[in-house]
Amino acid sequence: MKRDDPLLGENLDELLIKLDRSDCKESLVSFIKLAWHMVEPGAPYVHGWHLDFLAYHLESITFEEKLDDGSLYNRLLINIPPGTMKSLMVNVFWPAWEWGPCNKSHLRYICASHSQELAIRDGLKMRRLVESDWYKERWPHVQISRDQNQKQKFENTDLGFRQCAAAGSITGARADRVIIDDPLSVQDSMSQQIKDSTNTWFLEAVPTRLVSPEKSAIIVIMQRLAEDDVSGIILEKDLGYDHILLPMRYEPGRAQRSEEHTS
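These numbers were taken from a predicted model, which means no experiment stands behind them.

1. Topic: the overall build of the chain
In terms of regular secondary structure, the chain is built from nine helices and 10 strands. The principal-axis extents of the C-alpha atoms in the chain amount to approximately 65 × 45 × 40 Å. Out of the 263 residues in the chain, the part that is buried amounts to 51%. Split by element, the accessible area of the chain, about 13500 Å² in all, is 50% carbon and sulfur. Charge-centre separation for the chain: the mean point of 31 positive side chains lies 4 Å from the mean point of 40 negative side chains.

Quick look at the structure:
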């Protein structure tokens, strides 16, 4: 039964959908709050200031903001402890937000982690979200293609896709967003050989997987495990990444360093 309001002159359910679209269009955090129940139905959403901070930087990439030299803001390194919703925010909600509320369903994502199982885990969560009735009612232009709908890669009818990969094995496809989430496991960080091979992969292979070196984005999000991990290489070589450092505990000495890299 439709819930019509004669004063508004339209169906209330349709009005609520319009309000959701409006709230989500300009705010990634608003989208996360509304979409949370589709991804984590058994857990309450708990907001933290760090989510607003991370969202601001991701939105800067989405809205194609420019740096002082005129180049696009599209290189981001986030060092953050586990258990802070980093994977859900960057690998699940952000791509779904860009496809739907931001009307960028043509965007292509390659999402890599230290194990393909973890990359697939987040890929499945995003696919369930964009295929949910809640999402389809609000952004019906996002339609998953039937002929490319697998765990490792799914594509929409506007040729945007999300591909899962293990760190060290990105081949073939190119993407507008390469998201690297924890390229090393704790065990991997104890092996110099694995660290060296992962760093070589990041420096030599990852940049070749971009649709456009100038416009496409690379986002690295990880907990620090060693001085010479991928984050260490980015900072040592001064590769031009905006660096967000959010330690588990506040340390005054690091606060100034963090500001220097995020200014």
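That was the structure; now back to the text.
2. Observations concerning unusual backbone geometry
Even without a glycine there, the phi angle at M85 is positive, about 70°. Looking at where M85 falls in the secondary structure, it is placed in the loop between β3 (75-79) and α4 (86-99). The class for M85 is buried, based on a relative accessible area of 16%. Residue L159 is not a glycine yet carries a positive backbone phi of 75°. L159 gets classed as partly exposed once you look at its relative accessible area, which sits at 47%.

3. Concerning the confidence of the model for the chain
When pLDDT drops low, the exact placement of atoms in the prediction is not to be read closely. For the chain, mean pLDDT is 90; residues scoring 70 or higher make up 92% of the total. Scored below 50 in pLDDT, residues 257-263 makes nine contacts in the model with residues more than four places away or belonging to other chains.

4. Section: the pattern of salt bridges
Under the criterion given, the structure shown has nine salt bridges. Put simply, E98 and R177 hold a salt bridge, and the shortest N to O gap is 2.8 Å. Of this pair, E98 sits in helix α4 while R177 sits in strand β8 (residues 177-181), placing them 79 residues apart in sequence. Judged by its relative accessible area of 0%, E98 falls in the buried class. Residue classification places R177 among the buried positions, given a relative accessible area of 6%. With a shortest N-O distance of 3.0 Å, K195 and D228 are connected by a salt bridge. Separated by 33 residues along the polypeptide, K195 in helix α7 (residues 192-205) and D228 in the loop between β9 (217-222) and α8 (230-236) bring together distant segments of the chain. Residue class for D228 comes out partly exposed when judged on its relative accessible area of 25%. Within this structure, D20, E137 and R138 form a network of salt bridges that share partners.

5. Looking at the packing of aromatic side chains
A complete count under the given rule lists 14 aromatic pairs for this structure. Plain terms: the ring middles of F31 and W134 are 6.3 Å apart, the flat faces sit at 40° to each other, and that makes the pair tilted. Placement of F31 in helix α2 (residues 28-39) and of W134 in helix α6 (residues 133-138) is noted, with a sequence separation of 103 residues between them. When sorted by exposure, F31 lands in the same class as W134, which is buried. Judged by centre distance (6.2 Å) and plane angle (85°), the ring pair of W99 and F154 falls under edge-to-face. Taken together, the residues W99 in helix α4 and F154 in strand β6 (residues 153-156) connect sequence positions 55 residues apart. Accessibility expressed as a relative area gives 1% for F154, which makes it buried. Linked through ring pairs, F31, W36, Y45, F93, W134, Y135 and W139 together constitute an aromatic cluster.

6. A word on the environment of D122
Relative to the assigned elements, D122 resides in helix α5 (residues 116-130). Once you skip the residues sitting within four places of it in the chain, D122 turns out to touch S87, N91, V92, R162 and D181.

7. Comments concerning the nonpolar core
General note: in soluble globular proteins, nonpolar side chains tend to be found buried as a group. Ranked by internal contacts, the top residues of the largest apolar core, which has 46 residues, are F31, W99 and Y135. Mapped by element, the contributors of at least two residues to this core are α2, α3 (49-62), β3, α4, β4 (109-113), α5, α6 and β9. The leading source of residues in this core is α4, at nine residues.

8. A few points about the state of the cysteines
Taken as a whole, this structure holds zero disulfides when the rule is applied. In this model C102 remains outside any disulfide bridge; the closest cysteine sulfur is found in C24, 9.4 Å from its own. Looking at C102, the relative accessible area reads 15%, which means it is buried.

Criteria and cut-off values
- Residues numbered from 1 in each chain as written.
- Predicted model: local features only at pLDDT ≥ 70, side-chain atom pairs only at ≥ 80, totals over all residues.
- Heavy atoms only, no water.
- Helix = DSSP H or I, 4+ residues; strand = E, 2+ residues; numbered from the N terminus.
- Buried < 20%, exposed > 50% of the residue type's maximum accessible area, 1.4 Å probe, protein only.
- Areas by Shrake-Rupley, 256 points an atom, 1.4 Å probe, with all protein chains shown as cover.
- Lys, Arg positive; Asp, Glu negative; His and termini not counted.
- Charge placed at Lys NZ, Arg CZ, Asp CG, Glu CD.
- pLDDT = per-residue confidence, 0-100.
- Contact = heavy atoms within 4.5 Å.
- Salt bridge = Lys/Arg side-chain N within 4 Å of Asp/Glu carboxyl O.
- Phe/Tyr/Trp six-rings, centres within 6.5 Å; stacked < 30°, edge-to-face > 60°.
- Core = buried A, V, L, I, M, F, W, Y, C linked by side-chain atoms within 4.5 Å.
- Disulfide = S-S within 2.5 Å.

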